[in-house]
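What follows is the residue order along each chain.
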2 protein chains.
Amino acid sequence: MDDLDSAHPAGGNGATPRPRLEDVAARVGLSTASVSLVLRNVAGPSERTRRRVLKAAAELGYRPDRNASALASRRSRLLGVMVDIHSPFHAELVEHLHTAAEEVGYDLVLSTLTRTRDESTVLETLLAFRCEALILLGSVSPAPVLAELDRKAPVISVGRRIAEADLDVVRTADDDGVGQVVDHLVALGHRSIAYVDGGKGVIVTDRRRGYRDAMRRHGLDERIRVLHGDITEAAGERAGRDLLDSGDLPSAVVAYNDQCAIGLLTALRRAGVDIPGTVSVVGYDDDALSRLACFDLTTVSQNAEEQARHSVAAAMERLERGRTTPREIVLAPSLVVRGTTARTR
Amino acid sequence: MDDLDSAHPAGGNGATPRPRLEDVAARVGLSTASVSLVLRNVAGPSERTRRRVLKAAAELGYRPDRNASALASRRSRLLGVMVDIHSPFHAELVEHLHTAAEEVGYDLVLSTLTRTRDESTVLETLLAFRCEALILLGSVSPAPVLAELDRKAPVISVGRRIAEADLDVVRTADDDGVGQVVDHLVALGHRSIAYVDGGKGVIVTDRRRGYRDAMRRHGLDERIRVLHGDITEAAGERAGRDLLDSGDLPSAVVAYNDQCAIGLLTALRRAGVDIPGTVSVVGYDDDALSRLACFDLTTVSQNAEEQARHSVAAAMERLERGRTTPREIVLAPSLVVRGTTARTR
DNA sequence: AACAGCGCTTAAAACGCTCTAAATTTGTCA
DNA sequence: TGACAAATTTAGAGCGTTTTAAGCGCTGTT
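What counts and how
- Residues numbered from 1 in each chain as written.
- Chains lettered and ligands numbered in written order.
- Predicted model: local features only at pLDDT ≥ 70, side-chain atom pairs only at ≥ 80, totals over all residues.
- Least-squares fit on C-alpha atoms with pLDDT ≥ 70 in both.
- Contact = placed C-beta atoms within 7 Å.
- Domains from an automatic or database assignment.
- Near = placed C-beta within 6 Å.
- Nonpolar A, V, L, I, M, F, W, Y, C, P; charged D, E, K, R; others polar.
- Helix = DSSP H or I, 4+ residues; strand = E, 2+ residues; numbered from the N terminus.
- UniProt positions renumbered as here; feature names shortened; annotations may be inferred.
- Core = buried A, V, L, I, M, F, W, Y, C linked by C-beta atoms within 7 Å.
- Buried ≥ 20, exposed ≤ 12 C-beta atoms within 10 Å, placed from the backbone.
- Pairing = 2+ DSSP bridges.
- Right-handed = clockwise from strand over helix to strand, strands pointing away.
- Axes fitted to C-alpha atoms, helices over the stretch in contact; angles between N-to-C directions.
- pLDDT = per-residue confidence, 0-100.
- Expected span 1.5 Å × (residues − 1).

Looking at an unreviewed UniProt entry, chain A carries the name LacI family transcriptional regulator, with the source organism given as Streptomyces aurantiogriseus.

What follows is the structure, encoded as structure tokens:
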């Protein structure tokens, strides 16, 4: 039961057409060139002109057309960001990317990975928007693909180390993070500290290494105990049951990530194990999950804000200062002590 | 210690300039007009021409320039989406919006609410991208603002009922959702069913009404019991303690949302209450949280997919079929029975 | 007298595409 | 074979900006 007028060409509902530069110019009796200069805050126009133009623009409710200006200036002032929209950590990063980008006068284009949109689709989209640089959160593309992409626009890989391709990388030192966790536990008197592994990948390897190295550092070589795990809650539960079945409960368990830690926590608690009284549990990532009162999980924060700032800074160096040699920025993660770790009895 | 060349104008690292329509045209000895027709899949060009153009475009790795084509056609084929990037439910919606938009040949521009980006900033951004329609997830702008916005581009408010402004609305029947929950509990033999309220707002009112109406429908008028609450886990915990302190534990509690339900759950369990043995607990939203094994919360799903499809469909009716009278699309939510509800003993 | 410079302003040519109207080619049929 | 219609192709004028080079009416220097 629609009332269809003749196909109305995309736009508001019977709206007046958007004012253009020309309309502003006509209003003050100047050329579009002058108006353009004023609005872009470029030196040249006199104070008097500036004021008049600004006033006219405001009165008309003028908004420059991104497309037209991108076309003419050959600069989009857009940073493309690939995110996994289901990841709380990415959400955090995006939040800080926004503020960092704004400070340098850039806008963000978000393109999200979903079950039906793979990484190559996302990257296509970002390029179609003529983003000047690409910030990829948790990219899994093979290094050559990224290298190829980097020739079209500077690529900054966040969170994933990519040694093979000459790209900028911003990440936290995962081994160091787990190291801090072990230090913390040892300081609390723990000696039998187990580790529940992640699936596979560079990060997984780094964290595991962090655990092993730290244990050795504390002379706990023969106490090293790595359980099979994965990034899911289910994997954590399984690991928890394995631990219980083994009959040899460690006094502390470090999990690859928070999800896994929570599964672990659930399994142990369900079996009546007091946490942190009998066993301390630590996660990694400082997920929103870990902050829930019912978990209150000790974990490691990846400093979203710092990573975001460095990513944008790296993009700016490429874009505005012409840097061409890749940089790897490794940040120190920070331990977040909450309620699942305690002194041994 | 940077190696700076002369300021290189935004683009890849010493890359060749992007191929343009003209380059493709030159390669096959045709006009840009013909190439444009082929690439946009418009009727006209012969089969032979199509093939040749497609081949040449592929060889050159040609990608049309969004900006230029938007400018020329006065159509961006962009749908602007406002999201709260921290909301798992929005994430779900976005996922389905993507596929729905893709099916009708539109692309999405995501603009996200954060602590430092309020709704008006988000809407500005979306307009600057020349989005043809705006899909607002959980907008809280006053009706007049939205009405004003709607004159610039059709607005579709998702999840929030807006009676005062003449806009399209897509939402689920919140009262019905809570009604289904009560029905479910009554069918399990419950009679003393309490409700923990949300903060304030239209949705809050609807859900509370759903609870009241359903209780009356089952002749449980005098069993109606509404506890003060909010949308947070903390509020749920407080409500749980209130319940415990009152010394009059109901056999079932329905919470405004999952977050709140989880707080409630935690408080009750901590006090040794068996769930669902002694008390059944139900949430609302079907958050990722509710699916965690440690909660396994019975809840209500808002059918993200359906909402997304209807939103895009509504936008298409406005954009491509010129509908001008607003529509309100109310979908039925669906009960998701998990492990926190059980028959009374 | 010629002219470089001043501080400001502007005409006009891009930018890479779409679209209208018109030109050209092809096909059909007497 | 020519006339005419149908099928294909294209020239060229935008779209709303930015940017370049030139111009304004002077003053001051050679």
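Note that the two copies of the chain are related through a rotation about an axis and a translation along the same axis. You can overlay chain B on chain A at an RMSD of 0.2 Å; the transform is a turn of 180° with a shift of 0.0 Å along its axis. This pairing of chains is accounted for by a two-fold axis. Among all C-alpha atoms of chain B, that of asparagine 67 of chain B lies closest to the rotation axis, at 2.3 Å. The overlap is high: 100% of the interface residues of chain B also sit at the interface in chain A, so the same surface is used on both sides.

A common way to state how big an interface is: give the accessible area lost once the parts meet. Looking at chain A, the domain boundaries give domain 1 (21–64), domain 2 (76–172 + 304–330) and domain 3 (174–302). Each of domain 1 of chain A and domain 3 of chain A has a C-alpha centre, and these two points are 61 Å apart.

Around DNA strand D, a shell composed of 24 residues is seen, among which Leu21, Ser36, Ser69, Ala72 and Ser73 of chain A lie nearest. Class assignment of the residues belonging to the surface near DNA strand D gives a composition of 12 nonpolar, 9 polar and 3 charged.

Once that is clear, we can look at the interface of chain B and chain A. Listed per partner, the contact involves 62 residues of chain B and 62 residues of chain A. Of all the secondary-structure elements, those providing two or more residues to the side of chain B that touches chain A are α4 (66–73), α5 (88–103), β2 (107–113), α6 (119–128), α10 (233–246), α11 (258–270) and α13 (304–321) of chain B. Looking at the side of chain B that touches chain A element by element, the count peaks at 6 residues for α5 of chain B. Residue composition of the side of chain B that touches chain A, by class: 23 nonpolar, 17 polar and 22 charged.

With that out of the way, let us pick up the UniProt feature "domain: HTH lacI-type" (unreviewed entry) in chain A. Here, the residues flagged by UniProt with the feature "domain: HTH lacI-type" (unreviewed entry) are residues 19–73 of chain A. Taken end to end, residues 19–73 of chain A has its terminal C-alpha atoms 20 Å apart, with 69% of it in helix and 0% in strand.

A few words on the protein's contact with DNA strand C. In the vicinity of DNA strand C lie 24 residues, with Arg20, Leu21, Ser36, Ser69 and Ala72 of chain B positioned nearest. Listed by contribution, the elements that provide at least two residues to the surface near DNA strand C are α2 (32–39) and α4 (66–73) of chain A together with α2 (32–39) and α4 of chain B. Per-element accounting of the surface near DNA strand C gives the leading share, 5 residues, to α4 of chain B. Considered class by class, the residues forming the surface near DNA strand C number 12 nonpolar, 9 polar and 3 charged.

Here we come to the environment of alanine 214 of chain B. Residue and element names in this part refer to chain B. Of note, alanine 214 is situated in helix α9 (residues 202–217). Along the backbone, alanine 214 and isoleucine 224 are 10 residues apart, and their C-alpha atoms lie at a distance of 9.8 Å. Setting aside its immediate chain neighbours within four residues, alanine 214 contacts Val178, Gly179, Val182 and Asp183.

Here the focus is the nonpolar core. Val81 and Ile135 of chain A together with Val81 and Ile135 of chain B are the most contacted members of the largest nonpolar core, which totals 90 residues. Beyond its immediate chain neighbours, meaning those up to four positions away, valine 81 of chain A contacts Val94, Leu97, Leu108, Val109, Leu110, Ile135 and Leu137 of chain A. Among the nonpolar cores identified, the runner-up in size contains 76 residues, and Ala255 and Leu268 of chain A together with Leu185 and Ala194 of chain B belong to it.

Both trends apply: most residues other than glycine have a negative phi, and most peptide bonds are in trans. Residue and element names in this part refer to chain A. Residue proline 276 is reached from isoleucine 275 by a cis peptide bond, and omega for that bond is 10°. Turning to its location among the elements, proline 276 is positioned in the loop between α11 (258–270) and β9 (280–282). Even without a glycine there, the phi angle at arginine 74 is positive, about 60°.

Residue and element names in this part refer to chain B. Along strand β3 (residues 133–137), 5 of the 5 residues are buried, which leaves the element largely enclosed by surrounding structure. In β3, alternate side chains face the same way, and those of Ala133, Ile135 and Leu137 on one face and Leu134 and Leu136 on the other are all buried. As paired elements, strand β1 (residues 78–84) and β3 share 4 bridges and run parallel to each other. Directly across from methionine 82, in β3, lies its bridge partner leucine 136. Following the chain from β3 across helix α7 (residues 143–150) to the adjacent parallel strand β4 (residues 155–158), one finds a crossover that is right-handed.

Right, let's talk about the sheet that holds β9 of chain A for a bit. All names here are of chain A. Taken together, the 4 strands give an open sheet; going across it, the order is β7-β6-β8-β9, and neighbouring strands pair in parallel fashion. A strand with exactly one partner marks an edge of an open sheet, and here the two such strands are β7 (225–227) and β9. Taking the axes of each pair of neighbouring strands and ignoring which way they run, one obtains an average angle of 20° across the sheet. For strand β8 (residues 252–255) and β9, the ladder comprises 3 bridges, and the chain directions are parallel. Among the inter-strand pairings, alanine 252 is bridged to a residue of β9, identified as serine 280. On top of the sheet, helix α8 (residues 174–187) reaches β6 (193–196), β8 and β9; it is set at about 170° to β8, its chief contact.

This brings us to the confidence of the model for chain A. Across chain A, the average pLDDT comes to 91, with 96% of residues at 70 or higher. Predicted confidence for residues 1–12 of chain A stays below pLDDT 50, and this span has 20 contacts to residues more than four positions away or in other chains.

The next point concerns α11 of chain B. Residues and elements named next belong to chain B. An ideal rise of 1.5 Å per residue puts 18 Å on 13 residues; α11 measures up with 18 Å between its terminal C-alpha atoms. Taken as a whole, α11 has its buried residues at Asp258, Gln259, Cys260, Ala261, Ile262, Gly263, Leu264, Leu265, Thr266, Ala267 and Leu268. Buried positions along α11 lie against β6 (193–196), α10, β8 (252–255), β9 (280–282), α12 (288–291) and β10 (299–301). Positive backbone phi, at 85°, marks glycine 272, one or two positions downstream of α11.

Residues and elements named next belong to chain B. Here 4 strands make up an open sheet; going across it, the order is β7-β6-β8-β9 and the pairing parallel. Each of the sheet's edge strands pairs with one partner strand only, and the pair in question is β7 (225–227) and β9. The average undirected angle you get between the axes of adjacent strands in this sheet is 20°. Looking at chain direction, β6 and β8 are connected through 4 bridges and run parallel. Each residue of the ladder has a partner; that of valine 196, found in β8, is alanine 255.

Residue and element names in this part refer to chain A. Counting buried positions along strand β5 (residues 168–172) gives 5 out of 5 residues, so the element sits mostly inside the fold. Residues Asp168, Val170 and Thr172 of β5 are buried on one face, and the alternating residues Val169 and Arg171, pointing to the opposite face, are buried as well. Sheet topology places strand β4 (residues 155–158) next to β5; 3 bridges connect them, and they run parallel. Counted as the bridge partner of isoleucine 156 is aspartate 168 from β5. Sheet analysis places β5 next to strand β11 (residues 328–331), joined by 4 bridges and oriented parallel. Bridge pairing in β11 links threonine 172 to leucine 331.

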